Amino acid sequence: MDSARPQANERFSIRQKTTLMINRYVVTETLPDGSDGRVVAFAEQKRMTLKEQMTFYTDESKDHVLFTAKARQVLDAGAAYDVRDAMDSPIGTFRKKFAASLLRSTWELDQPDAVEAVGRERNRLVAVVRRFWELLPLDLVPFVWPYHFDFTSGDKPVMSVDKKIGLRDRYLLDVTSPDLDLRLAIAQAVALDAFQSR
């Protein structure tokens, strides 16, 4: 996946494929009619590891790594995640702002010399209801009501992530900033699902 893009707005669909010990995500282009186009990334994240990491491949064959996102600290709710390309060169970082996220999930996204953005849950009421849901002994019952995130740099929109209603997680990622590296955008969008309860 190339970070350079011919247009400012791009849309992707992210679908989770849940297994017992590994979260898998398929990222596809979203075509103008709303259907899924070609696969642009396939991600895996092992559960219950001391140091969180996601690896993004070109497709489900896992023959070629595109980029990775790895936590700097071990089991830290406010850990920063470094996104690096296949040659281990830095692309950018993201982190969950722990204190700000107690009532409304908030993330910071940083692509050096290009984009700094803050992402928050769009609906405050849904954010509060989801917090109470997570406190209840309902581990086997997922929170299926959709929640959405808007990332902005000052007053300028950078990207948004919209969760769709359903038992299986599906998200639409809209990248509106032409300066944002798509790899960083996709890593952050997948993290909103994989690390949301951290």
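Below is a short write-up of the structure. Just so it is clear, the model here is predicted, and its values are computed rather than measured.

Right, let's talk about the overall build of the protein chain for a bit. For the protein chain, the count of helices and strands is two helices and twelve strands. Element order for the protein chain, N to C, with α for helix and β for strand: β-β-β-β-β-β-β-β-β-α-β-β-β-α. Once local pairs closer than 6 in sequence are excluded, the contacts in the protein chain between residues at least 24 apart make up 41%. Approximately 10,700 Å² of the protein chain is accessible, and the part contributed by carbon and sulfur atoms is 55%.

Looking at where Thr55 falls in the secondary structure, it is placed in strand S4 (residues 53-57). Those residues in contact with Thr55, other than ones at most four positions away along the chain, are Phe42, Ala43, Glu44, Val65, Phe67 and Thr68.

Moving on, we get to the environment of Ala191. With respect to the helices, strands and loops of the structure, Ala191 is situated in helix H2 (residues 182-194). Expressed as a C-alpha distance, the spacing of Ala191 and Met54, which sit 137 residues apart in the sequence, is 8.6 Å.

Further remarks concern the nonpolar core. Within soluble globular proteins, side chains that are nonpolar generally end up buried alongside one another. With 43 residues, the main nonpolar core has Met54, Phe56, Phe94, Phe151, Met159, Leu173 and Leu180 as its most contacted residues. At ten residues, H2 tops the list of elements feeding residues into this core.

Next up on the list: the packing of aromatic side chains. Geometrically, a pair of aromatic rings is defined through the distance of the ring centres and the angle of the planes. For the coordinates displayed, the defined rule picks out three aromatic pairs. Measuring from centroid to centroid gives 4.3 Å for Phe56 and Phe67, while their planes differ by 15°, and the two rings are stacked. Separated by eleven residues along the polypeptide, Phe56 in strand S4 and Phe67 in strand S5 (residues 65-71) bring together distant segments of the chain. With a relative accessible area of 0%, Phe56 lands in the buried category.

A separate point is the sheet that holds strand S2 (residues 22-30). Where strands meet in a sheet, backbone hydrogen bonds hold them as pairs that are either parallel or antiparallel. Spatially, S1-S2-S3-S4-S5-S6-S7-S8-S9-S10-S11-S12 is the arrangement adopted by the twelve strands of the closed barrel, whose pairing is antiparallel. Across this sheet, the average inter-strand angle for adjacent strands is 20°, counted without regard to direction. Summarising the sheet, S4 and S5 pair through five bridges and their orientation is antiparallel. Opposite Met54, over in S5, you have Ala69 as the bridge partner.

Moving on: the environment of Thr18. By secondary structure assignment, the location of Thr18 is in strand S1 (residues 10-18). Expressed as a C-alpha distance, the spacing of Thr18 and Asp169, which sit 151 residues apart in the sequence, is 9.1 Å. Those residues in contact with Thr18, other than ones at most four positions away along the chain, are Asn23 and Arg47.

For the rest of this paragraph, the subject is the pairing of S2. Most of S2 sits out of view: seven of its nine residues are buried. The sheet contact formed by S1 and S2 spans seven bridges and is antiparallel. Pairing of Arg15 across the sheet is with Val26, part of S2. Remark: three residues form the turn of the hairpin made by S1 and S2, two consecutive strands paired antiparallel.

All chains considered together, the criterion is met by nine salt bridges. Ionic pairing is found between Lys17 and Glu60, a salt bridge with its closest N-O pair at 2.9 Å. Within this pair, whereas Lys17 is found in strand S1, its partner Glu60 is found in the loop between S4 and S5, the two being separated by 43 residues in sequence. Under the relative-accessibility criterion, Glu60 is labelled partly exposed at 42%. One network of salt bridges, with partners in common, ties together Arg24, Glu44 and Lys62.

Cut-offs used in this document
Residues numbered from 1 in each chain as written. Predicted model: local features only at pLDDT ≥ 70, side-chain atom pairs only at ≥ 80, totals over all residues. Heavy atoms only, no water. Helix = DSSP H or I, 4+ residues; strand = E, 2+ residues; numbered from the N terminus. Contact = heavy atoms within 4.5 Å. Areas by Shrake-Rupley, 256 points an atom, 1.4 Å probe, with all protein chains shown as cover. Core = buried A, V, L, I, M, F, W, Y, C linked by side-chain atoms within 4.5 Å. Buried < 20%, exposed > 50% of the residue type's maximum accessible area, 1.4 Å probe, protein only. Phe/Tyr/Trp six-rings, centres within 6.5 Å; stacked < 30°, edge-to-face > 60°. Pairing = 2+ DSSP bridges. Axes fitted to C-alpha atoms, helices over the stretch in contact; angles between N-to-C directions. Salt bridge = Lys/Arg side-chain N within 4 Å of Asp/Glu carboxyl O.

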